[in-house]
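One letter stands for each residue in the lines below.
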Amino acid sequence: MTPELDGTLRTAGLDPQAVEDVVRTALAEDGEADVTSEPIFAPRDPSTGDFTAREEGVVAGIPVAAVVFEALEVAYEAKVADGDRVVPGQVLISVEGPTRAVLRAERTALNLLTHLSGIATATRRWTDAMEGTKARVRDTRKTLPGLRTLQKYAVRCGGGVNHRMGLHDSALIKDNHIAAAGSVSKAYEAVRAVYPSLHIQVECDTLDQVAEALAVGARAILLDNMSDAEMSEAVALVGGKAELEASGGLTLDRARDVAVTGVDYLAVGALTHSASVFDIGLDFT
């Protein structure tokens, strides 16, 4: 990997080695031989091509695709940056190199680009729907194994906010924790006793639980499957003493209604677990 690409990935908040590991694993899945291309093209037969958007949306994964190209010694030139809005027919990346190498890079680069751009595009739709409110859309841990960092990066490209990266960096006391511990207060106090400075969020199903969480010192509360009216009541009850996040049953059509209740975040697992791929194609020129 070139120092320039290494720096670009680090600036994006990505670990270059981790990205390269994902790319190497993906390339290895195709095996050693390309039994279609190798009989047709000599080793140094050249080709040029463009990776082109075929729909309107937001791009994510340009430097990730670049790792694919560098691994296969394909020259590339990025025409857009992650987070850019693009339109059908817009060239995202131009490539040049041995035809065999370009074709070997094609699918892995597209798999990463279309998936990450799909997440970024979905996230931007939520962001646009809530424009003018203080609420922001936030992701969850509902990610594909091995791709969490990249998927959460794509959420940022779409204007969203990352929640915790794993179980290690922030506590989220959920319904099962509360049921097993006996109450919101007992669960919260147990975590706080061991981790006095850790960010702790408490999931609440009722307004009584919200009041209990607030009383015990919680400064981040997840409002689970509440109606818009209940969320408005929770906002009034909390009075700015804790950040509030709506979760459960959220849809894009409902996004603005939820945002105007006054919550700070909308938790949307679908950003990563259900985003449609963004249509991109490689066309030889």
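Think of each chain on its own: its residues are numbered from 1, step by step along the sequence as written. Restriction of local features to residues with pLDDT of at least 70 applies here, the model being predicted, together with a cutoff of 80 or more for giving and counting side-chain atom pairs; totals for whole chains, interfaces and linings are based on all residues. For side-chain calculations, the full set of non-hydrogen atoms in the structure is used, while hydrogens and water are omitted.

A. Structural detail: the nonpolar core. Core analysis: the biggest nonpolar cluster contains 82 residues, and Phe51, Ile221 and Leu266 have the highest contact counts within it. Comment: elements are numbered from the N terminus, with helices defined as DSSP H or I runs of at least four residues and strands as E runs of at least two. Broken down by element, this core gets its largest block of residues, twelve residues, from helix 5 (residues 99–129). Take the buried residues of types Ala, Val, Leu, Ile, Met, Phe, Trp, Tyr and Cys, join any two whose side-chain atoms come within 4.5 Å, and each joined set is a nonpolar core. Exposed residues in this analysis have more than 50% of their type's maximum accessible area, buried residues have under 20%, and partly exposed residues fall in between, with area computed by a 1.4 Å probe over protein chains only.

B. Spotlight on the side chain of serine 94. Looking at where serine 94 falls in the secondary structure, it is placed in strand 5 (residues 91–98). Apart from the residues lying within four places of it in its own chain, the contact partners of serine 94 are Gly49, Asp50, Ala75, Tyr76, Glu77 and Lys79. Contacts: residue pairs with any heavy atoms within 4.5 Å of one another.

C. Structural context of helix 8 (residues 184–194). Residues of helix 8 that are buried include every one of Val184, Ser185, Ala187 and Tyr188, and no others. Summarising the axial view, the buried residues of helix 8 lie within an arc of 165°, below the 170-degree limit, and thus occupy one face. Seen from the open side of helix 8, the exposed residues pointing more than 90 degrees away from its buried face are Lys186, Ala193 and Val194. Arc, as used here, means the arc of the directions from the helix axis to the C-beta atoms.

D. Up close: the sheet that holds strand 7 (residues 171–173). Taking strand neighbours across the sheet as the criterion, the six strands line up as 6-11-10-9-8-7 in an open arrangement whose pairing is parallel. Lying at the two open borders of the sheet, with one neighbouring strand each, are strand 6 (136–138) and strand 7. Across the sheet, the mean angle separating the axes of adjacent strands is 25° when strand polarity is ignored. By definition, two strands form a pair when at least two bridges between them are found by DSSP. Pairing analysis gives three bridges linking strand 8 (residues 200–204) to strand 9 (residues 220–224), with the strands arranged parallel. Bridge pairing in strand 9 links cysteine 204 to leucine 223. Only the stretch in contact is used when fitting a helix axis, every axis being a line fitted to C-alpha atoms; angles between N-to-C directions are given from 0 to 180 degrees. Docked against the sheet, helix 10 (residues 228–238) engages strand 9 and strand 10 (243–247), running at close to 165° with respect to strand 10.

E. Local environment of the sheet that holds strand 3 (residues 75–78). Strand order across the open sheet formed by four strands is 3-5-1-12, with antiparallel pairing between neighbours. The sheet is open, and its two borders are formed by strand 3 and strand 12 (280–284), each paired with just one other strand. The sheet shows a mean angle of 20° between the axes of neighbouring strands, direction not considered. Bridging between strand 3 and strand 5 involves four bridges; their strand directions are antiparallel. Each bridged residue has a counterpart across the sheet, and for tyrosine 76 the counterpart in strand 5 is valine 95.

F. Representation of the side chain of aspartate 34 in the model. Its location among the elements puts aspartate 34 in the loop between helix 2 (16–28) and helix 3 (37–40). An unpaired buried charge is present at aspartate 34: no salt bridge exists, and arginine 104, the closest side chain of opposite charge, is 5.5 Å distant. Counted as a polar contact is a pair of N or O atoms within 3.5 Å, where, for protein atoms, one must be capable of donating a hydrogen and the other of accepting one, and residues adjacent in sequence contribute only when both atoms are in side chains. A distance of 2.7 Å separates the side chain of aspartate 34 from the side chain of serine 37, its partner in a polar contact. The charged-residue count follows a simple rule in which Lys and Arg add positive charge and Asp and Glu add negative charge, with His and chain termini not counted at all. In what follows, salt bridge is the name for a side-chain nitrogen of Lys or Arg lying within 4 Å of a carboxyl oxygen of Asp or Glu.

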